[in-house]
Amino acid sequence: MTGSPLAMPMRIMHRWKQRMNGSEIAILFFAAAMALVWSRTWRPVIPLSAFPAVPGFSFWEDLTITFFDMLMVLLAVAVCSLFLMGLARLSKTFRAFLVPALSVGRATPGLGLIGLLTGLLPPLVAIILVAASGMVWRVVTAALDAEETVPADLERVAHSLHLTEWQRFWRLQMPLSLPMIVHRSASAMSGVWFRLLCAQAIVELMTHHDHGGAGTLALLGMMQHQPLWLFEAIGITFLLIVMVDQCLTRPLLGWSQRYRLDGPPTGHARNGSWILKIWRHSSFLSRASLLMRSTIGGVGNWRIGRICTPDVSHLQSERRSPPAILPVLAIMSFVAALWWGRILNVLLYDVLIGLLTLSHVCGALILSVVLWVPVGLLMGNASSALRRRVRTLSVLCALFPAVLLYPVFRIFGGLPPAVLLFLGTHWLVGVAVLDAAQGVPPELRQVVQGLRLQGPLLWRRVLLPLMAPNLCGGLLIAAMPLWNTVMIAEAFAHSGSGLGEQLLSDTLRQVLSAQIPALTLLVLLSMLLDRLVLQPLAVHAAQKYTLT
């Protein structure tokens, strides 16, 4: 794809899974059926204390709590991702199950799981797992996608050196996966901030206990009509976003470029970071880096497991469809669990309001296209310096969780749910469009200048076709965060409702048996929109308009 080759998942470029897979249907409905059976024995935790009227922590304490919550989220992402990637490499059976499970996991709104996790785990653990859920699926998928691009020469070298599975994982798969993993993680940071703040607020509403953090501070400011507390939460979030972006995300983006197969980029395409420059020019930090590198290298040289073989049978097993009876049995078990739980009558109502929620998501995507296509056309004629500045500003705006601005719009009369959804995710589409405008080859620009193409002819013949792959890829990327945002956006909107609002209401009332059907329908609608509309559109645009 022009501009950002890592924006579109490799599985889409390989034309994999453009239609709903039977394994995904079976996993989704079997999991929902088991959760419904378990919910019959679950009893809600009734809060014993009154809802707090004032924040229990100071500004700096809330900042510190939010910072450590984010660190724990990133640590949970690293541990869970390494565990899943290692099992996928060691066990072909687990890998065959993991691929469709990742598709279901990516389509599952993390906030929808908070009611289930809060009933099973301590509140802090539930907050961390909800915030980490979306990034874990993206990191593991990036590692699996990158493994498919390992050159055959390197596979033969690994086989000739008699590397074990453990050694191949650390010495070959992980280094080659790092650029894609870091890129996907950086693009997922906006969703992590959103889920973290919303999870803090929802857990406080469920438990009536102030656990601290920017999310709980914003909630108290909204409920107690204290705008100052809300502005403090916005300030805390802004400071932490800048700190994490400058001290962690950008250094990792620059450092990961050395592991690209085609070598690190040159010129303006190279990711720079002042923290990385200081690190590289400091003798103490350089020695610490060498010590860390030797330690990881030593761990990677442990001879654990069997000798790896150049086998591609696991790729073939992923493409093999399951027996048709499995999805049918899964759906039947789900319906039976609904009937046994005496909630089958609410399914039709959930389907109807689910279609309303789907219209809100589609409306937000259409608004994103209406806004960013004209901006992309204007940026196509702008200078490269202006395009870089606008893109940098868009990336920074995309990191800020728009949920902190929802109370402001509610004070001034509220907005429709589609507009609130648009406010939080349109920046992801904008970054993809600006990548396309910035990725036009210099030779093509010279041809355009030589032919003196201007106005509608330039837009129709050059800029729109070049923009199409990135625009469709941006819609595909922005669709997943929309399903996380829908619970909060529909709750803040004065007009209309939807399945997201119903799920949030059931979560706060701790009615687990009603949460599971609503969450299952949200996941199913997300997968249908992704597989039947967005993925085919992105594949068609990439195949027809991508410059090779």
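Cut-offs and rules
Residues numbered from 1 in each chain as written. Predicted model: local features only at pLDDT ≥ 70, side-chain atom pairs only at ≥ 80, totals over all residues. Heavy atoms only, no water. Helix = DSSP H or I, 4+ residues; strand = E, 2+ residues; numbered from the N terminus. Buried < 20%, exposed > 50% of the residue type's maximum accessible area, 1.4 Å probe, protein only. Contact = heavy atoms within 4.5 Å. Areas by Shrake-Rupley, 256 points an atom, 1.4 Å probe, with all protein chains shown as cover. Salt bridge = Lys/Arg side-chain N within 4 Å of Asp/Glu carboxyl O. 1 Å grid on protein atoms, 1.4 Å probe; cavity = no way out; pocket = protein on both sides within 12 Å on 5 of 7 lines; lining within 4 Å. Points joined across faces, edges and corners; volume = space filled by probe spheres on them. Nonpolar A, V, L, I, M, F, W, Y, C, P; charged D, E, K, R; others polar. Phe/Tyr/Trp six-rings, centres within 6.5 Å; stacked < 30°, edge-to-face > 60°. Axes fitted to C-alpha atoms, helices over the stretch in contact; angles between N-to-C directions. Parallel < 35°, antiparallel > 145°, perpendicular 65-115°, else oblique. Patch = residues over 30% accessible without salt bridge, like charges linked within 9 Å, V, L, I, M, F, W, Y side chains within 5 Å. Lys, Arg positive; Asp, Glu negative; His and termini not counted. Charge placed at Lys NZ, Arg CZ, Asp CG, Glu CD.

**Some details on the overall build of the chain**
Scanning the chain from N- to C-terminus turns up 23 helices and zero strands. Across the 548 residues of the chain, 49% fall into the buried class. Partitioning the intrachain contacts of the chain with sequence separation of at least 6 by distance along the chain shows that 83% fall at a separation of at least 24. Summed over its atoms, the accessible surface of the chain is roughly 25700 Å², and 69% of this surface lies on carbon and sulfur atoms.

**Overview of the pattern of salt bridges**
Evaluation of the coordinates by the stated rule reveals seven salt bridges. Put simply, Asp245 and Arg250 hold a salt bridge, and the shortest N to O gap is 3.0 Å. Residue Asp245 is classed as buried on the basis of its relative accessible area, which comes to 6%. Assessed through its relative accessible area of 23%, Arg250 is described here as partly exposed. We note a salt bridge from Asp435 to Arg391, for which the minimum N-O separation is 2.4 Å. Separated by 44 residues along the polypeptide, Asp435 in helix H19 (residues 417–438) and Arg391 in helix H17 (residues 384–399) bring together distant segments of the chain. Accessibility expressed as a relative area gives 11% for Asp435, which makes it buried. Salt bridges sharing partners connect three or more residues here, namely Glu24, Asp530 and Arg531.

**Description of the layout of surface pockets**
The calculated volume of the largest pocket comes to roughly 1800 Å³. Residue lining of the largest pocket: 39 residues in total, with Leu178, Leu252, Trp255, Met292 and Ile296 positioned closest to the centre. The element best represented in the lining of the largest pocket is helix H8 (residues 165–187), accounting for nine residues. For the lining of the largest pocket, the class distribution of residues is 28 nonpolar, seven polar and four charged.

**Section: the environment of Val351**
Position of Val351 relative to the elements: it lies in helix H16 (residues 347–380). With 167 residues separating them in the primary sequence, Val351 and Ala518 have C-alpha atoms 8.5 Å apart.

**Brief notes about the packing of aromatic side chains**
Enumeration over the complete set of coordinates arrives at eight aromatic pairs. Geometrically, the ring pair formed by Phe169 and Trp170 is edge-to-face, given 5.5 Å between the ring centres and 85 degrees between the ring planes. Note on Phe169: relative accessible area 6%, which makes it buried. Every member of this aromatic cluster is reached through a ring pair, and the members are Trp166, Phe169 and Trp170.

**Here we look at empty space enclosed by the protein**
Applying the stated rule across the entire model yields two cavities of 30 Å³ or more. Roughly 50 Å³ of internal volume is contained in the second largest cavity. Among the secondary structure elements, those contributing two or more residues to the lining of the second largest cavity are H16, H19 and helix H21 (455–492). Classifying every residue of the lining of the second largest cavity by side-chain character gives seven nonpolar, two polar and no charged.

**Observations regarding the packing of helix H3 (residues 59–90) against helix H4 (residues 92–107)**
Relative orientation of the contacting elements H3 and H4 amounts to 125 degrees, with a least axis distance of 5 Å. It follows that H3 is oblique to H4 by the angle criterion. Contacts between H3 and H4 pair Leu84, Leu87, Ala88 and Leu90 from the former with Lys92, Phe94, Arg95 and Leu98 from the latter. Here the residues of the contact of H3 with H4 are counted per class, giving six nonpolar, no polar and two charged.

**Remarks on the environment of Ala188**
On the secondary structure map, Ala188 appears in the loop between H8 and helix H9 (189–207). For Ala188, a relative accessible area of 6% puts it in the buried group. Between the C-alpha atoms of Ala188 and Ala132, which are 56 residues apart in sequence, the distance is 9.9 Å. Those residues within four positions of Ala188 in sequence are excluded, and the remaining contacts are Met135 and Arg138.

**Things to note about a positive patch on the surface**
A surface patch of positive charge is lined by Arg171, Arg258, Arg280 and Arg293. Counting through the fold element by element, Arg258 comes out in the loop between helix H11 (227–256) and helix H12 (274–281).

**As for the packing of H9 against helix H22 (residues 499–508)**
Here H9 crosses H22 at 45 degrees, and the two axes come no closer than 9 Å. It follows that H9 is oblique to H22 by the angle criterion. Judged by residue contacts, Ile202, Leu205 and Met206 of H9 engage Leu504, Thr507 and Leu508 from H22. Considered class by class, the residues forming the contact of H9 with H22 number five nonpolar, one polar and no charged.

**Focus: the side chain of Gln173**
By the secondary structure assignment, Gln173 is in helix H8. If we skip the residues at most four places from it in the chain, Gln173 touches Arg89, Ala143, Glu147 and Arg168.

**Focus: a nonpolar patch on the surface**
On the surface, Phe30, Met34, Ile325, Leu326, Val328, Leu329 and Met332 cluster together to form a nonpolar patch covering roughly 640 Å² of accessible area. Considering every element that reaches the nonpolar patch, the biggest residue donor is helix H15 (residues 325–340), with five residues. Tracing the backbone shows Leu329 in helix H15.

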